[in-house]
Amino acid sequence: MQSPISLTFRHIDRSGALEERARKLGHHLARFNERIAHCHMTIQGPDSPGADAGSAYWVKIDLTVPGAHIHADSLHVDGAGHDDIYLALRDAFNNAKRQLQDLSAVRSRKPNC
């Protein structure tokens, strides 16, 4: 990865373990495209302190690669979040990985002009 990963925490306390896991997964994305120019992750918890914590966590990953922007998140098809922030992080990572792999496959099928 050419640039560092930036993290934003919203409605959730920053923890060393969570930050370390997010950065590790962000760097792991470089295996699928070493030309990632920018990676920003937003890690969000419940909107208000008194809110029900269940299904309230989500992660969004924005990547910039030459000629494309990738936006991945951890939300379920019905728009629901996760009960566990680490599961949300994993799902967002898998979504971003899948999009990077799809982008690579499309670009490898394109004829060079």
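Criteria and thresholds
Every chain is numbered on its own, with residues counted from 1 as its sequence reads. Side-chain atom pairs in this predicted model are given and counted only at pLDDT of 80 or more, local residue features only at pLDDT of at least 70, and totals for whole chains, interfaces and linings cover all residues. Calculation of side-chain values draws on the structure's entire complement of heavy atoms; hydrogens and water are dropped beforehand. Whether a residue is buried, partly exposed or exposed follows from its accessible area with a 1.4 Å probe, protein chains only, as a fraction of its type maximum: under 20%, in between, or over 50%, in that order. Only DSSP runs of H or I covering at least 4 residues are called helices, and only runs of E covering at least 2 are called strands; the numbering of each starts at the N terminus. Strand pairing requires that DSSP identify at least two bridges connecting the strands. Axis lines are fitted through C-alpha atoms, for helices just across the contact stretch, and the angle between N-to-C directions can take any value from 0 to 180 degrees. To form a nonpolar core, buried Ala, Val, Leu, Ile, Met, Phe, Trp, Tyr and Cys residues must be joined to one another through side-chain atoms within 4.5 Å. Contacts are residue-level and defined by heavy atoms, with any inter-residue pair within 4.5 Å sufficient.

J.: Help me understand the pairing of strand β4 (residues 68–73), please; the structure alone is not making it clear to me.
T.: Remark: a regular strand shows side chains that alternate across the two faces of the sheet. Across the two faces of β4 the burial differs, with A68, I70 and A72 buried and H69, H71 and D73 not buried at all. Bridge count for strand β3 (residues 58–65) against β4 is six bridges, and the pairing is antiparallel. The residue of β4 that forms the bridge with L63 is I70. Counted between consecutive antiparallel strands, the loop separating β3 from β4 contains two residues, among which G67 sits at a positive phi close to 85 degrees.

J.: What is the right way to look at the sheet that holds β4 in this model?
T.: Sheet strands pair via backbone hydrogen bonds, and the direction of the pair is either parallel or antiparallel. In space, the four strands of this open sheet follow the order β1-β2-β3-β4, with mixed pairing throughout. Each edge of the open sheet carries a strand with a single partner, namely β1 (5–10) and β4. Here the strands of the sheet are splayed against their neighbours by 10 degrees on average, with no regard to which way each runs.

J.: What am I meant to see in the nonpolar core here?
T.: Ranked by size, the top nonpolar core spans 27 residues in total, and within it L29, V59, I61 and L63 carry the most contacts. At the level of elements, β1, α1 (16–28), β2 (38–44), β3, β4 and α2 (85–109) are the ones that each hand at least two residues to this core. Ignoring any residue separated from it by four or fewer positions in sequence, one finds I61 in contact with L29, C39, H40, M41, I70, H71, A72, A92, F93 and A96.

Geometry only, nothing functional implied.
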